[in-house]
Amino acid sequence: MLIYPRPQSSRLSRGVGGRLIAILGAGLLAAALGLSSGMAATASATEVTADPASVTVGETSVVTATGLGGLETASFGMGQSDGATFTESGTASYSAPTSNGTATATFTADQAGTFTVAVGDGENVLGTVSITVTAANPSGGAILAAESATITTGETTTVTATGLGGLESAFFGLGGTAGGSFSPSGATSVTSPVSDGTATAVFTASETGSFTIAVGDGENVLATTIVTVTAAATPTAEPTPTETPTPISANTDGVPAWVIWLIVGIVVAVAAIITWVIVSRRRAHADDAPADDATTPPTQP
């Protein structure tokens, strides 16, 4: 029986094809790993800053992203769609050109709050920065005043804040003390609506002392005032009125007192003399009676 050997060309072709597939797979894997590591390196190297990081309503802040690698454009955006925009686009997002791995955007806000600006490559977020916006105050500063700066425990006073600019609400609170509360919440802080730059709160005192009341925008204290609380007066019992004795007048119907006492003395003296005379006469009569009886002759029978 004759055995014919297999053609060598078939085995060679299969070996070459397997090696080519292995080489191509390894190349694709290396490219994928390189792309992912490059993206990770870009994300980790990106730094986003804002200058300044705190502005007032209407002011601008320049947001700068560095370490963007070979990106041609960088996407700037905010988590909220209202309250702030980028000057270049007039909207809450902006695609900025990149030069030497750096891109910038100009941020501006028309209301107070904290805004987060993110920078990415269109698909992934590479970095973020926060910008704090406070209310604009054309008057140069908010003013807080109490209707009555001194009250007693249990009394209330209305605290008014003016010059609050574009704030929608104002936050009133005590400086870490609990010597009173605000109506109607009964807590040591309260949120009040702002109308024409003015907000009010009603403070009720429960303890004596000096208390600092502050007003702010939720993040910053804009103004303070001090209310002094004194102890409420304790009611005292009214004394029972007593009758005042009427003094005897020194004069009676215009007659001096010494004249009256003189008359009384004379009457007493006369009475004493009369009594002495009567007693003396009775004694004299008693002494004369036995003598008369002895000299009288007896009568004849």
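Cut-off values and rules
- Residues numbered from 1 in each chain as written.
- Predicted model: local features only at pLDDT ≥ 70, side-chain atom pairs only at ≥ 80, totals over all residues.
- Heavy atoms only, no water.
- Helix = DSSP H or I, 4+ residues; strand = E, 2+ residues; numbered from the N terminus.
- Buried < 20%, exposed > 50% of the residue type's maximum accessible area, 1.4 Å probe, protein only.
- Areas by Shrake-Rupley, 256 points an atom, 1.4 Å probe, with all protein chains shown as cover.
- Pairing = 2+ DSSP bridges.
- Axes fitted to C-alpha atoms, helices over the stretch in contact; angles between N-to-C directions.
- Core = buried A, V, L, I, M, F, W, Y, C linked by side-chain atoms within 4.5 Å.
- Contact = heavy atoms within 4.5 Å.
- Phe/Tyr/Trp six-rings, centres within 6.5 Å; stacked < 30°, edge-to-face > 60°.

(A) Structural detail: the overall build of the protein. Counting its secondary structure elements, the protein contains 2 helices and 20 strands. A buried classification covers 23% of the 301 residues belonging to the protein. Of the roughly 19700 Å² of accessible surface on the protein, a fraction of 60% belongs to carbon and sulfur atoms.

(B) Local environment of the sheet that holds strand E17 (residues 209-216). An order of E11-E18-E17-E13-E15 is seen for the 5 strands of this open sheet, with the pairing classed as mixed. Here the strands that pair on one side only, and so sit at the sheet edges, are strand E11 (150-152) and strand E15 (189-193). Averaged over neighbouring strand pairs, the angle between their axes works out to 30 degrees when direction is ignored. Here E11 runs beside strand E18 (residues 221-230); their pairing, made up of 3 bridges, is parallel. For threonine 150, the partnering residue across the bridge sits in E18 and is threonine 228.

(C) Region of the structure containing the nonpolar core. Among the nonpolar cores identified, the biggest contains 25 residues, and Val63, Phe76, Phe107, Val117 and Ile131 are the most heavily contacted of them. Every element with two or more residues in this core is listed here: strand E1 (47-51), strand E3 (60-66), strand E4 (73-78), strand E5 (84-86), strand E6 (93-97), strand E7 (103-109), strand E8 (113-120) and strand E9 (125-134). With residues near it in sequence (within four places) discarded, isoleucine 131 still touches Ala50, Ala53, Val55, Ser61, Val63, Phe107, Gly113, Thr114, Phe115 and Val117. Residues Ala142, Leu164, Ala199 and Phe203 belong to the second largest nonpolar core, which totals 23 residues.

(D) Representation of the pairing of E18. Two elements, E17 and E18, share 8 bridges in a ladder whose sense is antiparallel. For alanine 214, the partnering residue across the bridge sits in E18 and is threonine 224. Counting the residues in the hairpin turn of E17 and E18 gives 4 residues, including glycine 218, whose phi is positive at 105 degrees.

(E) Highlighting the packing of aromatic side chains. Enumeration according to the criterion identifies 4 aromatic pairs in this entry. Geometrically, the ring pair formed by phenylalanine 76 and phenylalanine 86 is edge-to-face, given 6.2 Å between the ring centres and 65 degrees between the ring planes. Of this pair, phenylalanine 76 sits in strand E4 while phenylalanine 86 is found in strand E5, placing the two residues 10 residues apart along the sequence. Taken individually, phenylalanine 76 and phenylalanine 86 each receive the classification buried, so the pair is uniform in this respect. Taken together, the ring pairs connect Phe76, Phe86 and Tyr94 into an aromatic cluster.

(F) Looking closely at the sheet that holds strand E16 (residues 199-205). Read across the open sheet, the 4 strands follow the order E10-E12-E16-E14; overall the sheet is antiparallel. The sheet is open, and its two edges are formed by strand E10 (143-146) and strand E14 (180-183), each paired on a single side. Strand after strand, the sheet turns through a mean of 30 degrees between neighbouring axes, direction not considered. The pairing of E14 with E16 spans 4 bridges and is antiparallel. Within E16, the residue paired with serine 181 across the bridge is threonine 204.

(G) Highlighting unusual backbone geometry. In the segment running from aspartate 51 into proline 52, the intervening peptide bond is cis, with an omega of -5 degrees. Within the element layout of this structure, proline 52 appears in the loop between E1 and strand E2 (54-56). Across the junction of serine 183 and proline 184, the peptide omega takes the value 0 degrees, indicating a cis bond. Its location among the elements puts proline 184 in the loop between E14 and E15. The backbone phi angle of asparagine 100 is positive, close to 55 degrees, even though this residue is not glycine. Despite not being glycine, aspartate 196 has its phi angle at roughly 55 degrees, a positive value.

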